[in-house]
Amino acid sequence: MSPFRVLTVCTGNVCRSPAAAVMLREAILEAGLADRIEVGSAGTSWEAEGMPMDERTELALIRAGYTRPFEHTAQTIHLTELLTWDLVLPMTIEHAQLLRRMAEQAPEGKDAPEIALWRRFDPKTSAETPETEIAVDDPWYEGQGAFNRTVVQMQRSLLAIIAHVQDALSAR
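Residues numbered from 1 in each chain as written. Predicted model: local features only at pLDDT ≥ 70, side-chain atom pairs only at ≥ 80, totals over all residues. Heavy atoms only, no water.

Here we come to the nonpolar core. In terms of nonpolar packing, the biggest core is built from 38 residues, with Leu24, Ile37, Leu61 and Trp118 touching the most fellow members. Looking at this core, the elements that each hand over two or more residues are strand S1 (4-10), helix H1 (16-30), strand S2 (37-43), helix H2 (55-63), strand S3 (87-90), helix H5 (144-155) and helix H6 (158-171). If you tally residues by element for this core, the top one is H1, at 8 residues. Core analysis: the next-biggest nonpolar cluster, separate from the first, contains 14 residues, Leu82, Ala96, Met102 and Leu117 among them. (Core = buried A, V, L, I, M, F, W, Y, C linked by side-chain atoms within 4.5 Å. Buried < 20%, exposed > 50% of the residue type's maximum accessible area, 1.4 Å probe, protein only. Helix = DSSP H or I, 4+ residues; strand = E, 2+ residues; numbered from the N terminus.)

Below, the structure written as structure tokens:
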């Protein structure tokens, strides 16, 4: 059986989405699911294509207990790649809207992935909370503290994301 594929998405693919991928891979490993789930990350903008993970993101991950190396090269999501994922976890409503418009262009017979905001899985977020209020804010224009807070905030969603993926695997 092919692995269940999870993609994290932000704007440039140098801060939030690669951090989310690092954290998710670690959680999957701890859950004993590494052989059943594949994780990737991408951006909606081409501007950082080919760049490594932002150093402030790396430092925030280290401070949160994750271990290098964080192998990463920024890439941009395109329709053909989008359709190869099972679950796509964008960081903001803008990312989600772009991905949903892209998925609507899927050729007939091609399944679009499930698209759900990362923080939809945060236990502090109720099911009624509008998507406009559950973004993982971009720390890019702030100092190291913003990157540290972003990683800590994102960690809250990990257990529910793993449970959601396990449910999807069971349904296969």
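Resuming the write-up.
With that settled, consider the packing of H2 against H5. With their axes 9 Å apart at the nearest point, H2 and H5 run at an angle of 55° to one another. In terms of orientation, H2 lies oblique with respect to H5. The crossing of H2 and H5 is right-handed. Where H2 approaches H5, its residues Arg56, Thr57, Leu59, Ala60, Leu61 and Arg63 are matched on the opposing element by Gln144, Phe147, Asn148 and Val151. Of the residues contributing to the contact of H2 with H5, the split by class is 5 nonpolar, 3 polar and 2 charged. (Axes fitted to C-alpha atoms, helices over the stretch in contact; angles between N-to-C directions. Parallel < 35°, antiparallel > 145°, perpendicular 65-115°, else oblique. Left-handed = near helix turned anticlockwise from the far one by under 90°. Contact = heavy atoms within 4.5 Å. Nonpolar A, V, L, I, M, F, W, Y, C, P; charged D, E, K, R; others polar.)

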